[in-house]
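# Examining the three-dimensional arrangement
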Amino acid sequence: MGIKRISDSEWLVLRVLWAREEALGADIVASLQETTTWKPTTIKTLLSRLVKKGAVGFRPEANVYVYYPRISEAECAARERRSFLQKVYGGDPRSMMAAFLTEERLTPDDINALRRLLDEKNSS
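Keep in mind that what you see is a predicted model, and the values were worked out from it rather than measured.

Before going further, it helps to spend a moment on a nonpolar patch on the surface. Residues Met97, Phe100 and Leu101 make up a contiguous nonpolar surface patch of roughly 240 Å² in combined accessible area. By the element assignment, Leu101 lies in helix H5 (residues 93-103).

Shown next, in the form of structure tokens:
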């Protein structure tokens, strides 16, 4: 899917949809007003942008619109990881992992879990 970059604000809108699978515009507005200071017009603008980007679809039902995600959270996260890796580390995963490992505090459990992931990746 050729979806443009999703902004941080748009991610919040998508999270509401991913949690509900589909929702009325008014329900999305109500949900986001509980956790943000956004006005309804701001939320509706974000929804419109997501529709234009192809990340969200909608269908009319009676006198309202029902919105639904057209991209999964996993797909969106994968796009963001690839974009971040390219932008910050020039596409080199070793540089990213090296920076992460030297800068973050890891518990022995964290290290063991990472070892298991690397071993699984190596054997596949």
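Below, the discussion takes up the packing of helix H2 (residues 25-35) against helix H3 (residues 40-53). With their axes 10 Å apart at the nearest point, H2 and H3 run at an angle of 120° to one another. With respect to H3, the axis of H2 lies oblique. Crossing of H2 against H3: the hand is right-handed. Across the interface between the two elements, Ile28, Val29, Leu32 and Gln33 of H2 pack against Pro40, Ile43, Lys44 and Leu47 of H3.

Here we come to unusual backbone geometry. The backbone of Glu21 sits at a positive phi, close to 75°, despite the residue not being glycine. With respect to the secondary-structure elements, Glu21 resides in the loop between helix H1 (8-20) and strand E1 (23-24). For Glu21, a relative accessible area of 62% gives the class exposed. One non-glycine residue, Ala62, lies in positive phi territory at about 55°. Take Ala62: it is sitting in the loop between strand E2 (56-61) and strand E3 (64-69).

Moving on: the side chain of Ser31. By the element assignment, Ser31 lies in helix H2. You can call Ser31 buried: its relative accessible area is 16%. Residues within four places of Ser31 in sequence aside, it is in contact with Val16 and Arg20.

Where H1 contacts H3, the two axes come as close as 10 Å, and the packing angle between them is 85°. The angle between the axes of H1 and H3 places the two elements in the roughly perpendicular class. Counting all contacts with H1, which are made through Ser9, Glu10, Val13, Leu14 and Leu17, the residues of H3 involved are Leu46, Leu47, Arg49, Leu50 and Lys53. Grouping the constituent residues of the contact of H1 with H3 by class yields six nonpolar, one polar and three charged.

Inspection of the sheet shows E1 paired to E3 by two bridges, in the antiparallel sense. From the neighbouring strand, Ala23 faces E3, where its bridge partner is Tyr67. Judged from the six bridges that link them, E2 and E3 form a sheet pairing that is antiparallel. Within E3, the residue paired with Pro60 across the bridge is Tyr65. Linking two consecutive strands that pair antiparallel, namely E2 and E3, is a turn of two residues; a positive phi of about 55° is found at Ala62 within it.

Rules of the game
- Residues numbered from 1 in each chain as written.
- Predicted model: local features only at pLDDT ≥ 70, side-chain atom pairs only at ≥ 80, totals over all residues.
- Heavy atoms only, no water.
- Patch = residues over 30% accessible without salt bridge, like charges linked within 9 Å, V, L, I, M, F, W, Y side chains within 5 Å.
- Areas by Shrake-Rupley, 256 points an atom, 1.4 Å probe, with all protein chains shown as cover.
- Salt bridge = Lys/Arg side-chain N within 4 Å of Asp/Glu carboxyl O.
- Helix = DSSP H or I, 4+ residues; strand = E, 2+ residues; numbered from the N terminus.
- Axes fitted to C-alpha atoms, helices over the stretch in contact; angles between N-to-C directions.
- Parallel < 35°, antiparallel > 145°, perpendicular 65-115°, else oblique.
- Left-handed = near helix turned anticlockwise from the far one by under 90°.
- Contact = heavy atoms within 4.5 Å.
- Buried < 20%, exposed > 50% of the residue type's maximum accessible area, 1.4 Å probe, protein only.
- Nonpolar A, V, L, I, M, F, W, Y, C, P; charged D, E, K, R; others polar.
- Pairing = 2+ DSSP bridges.

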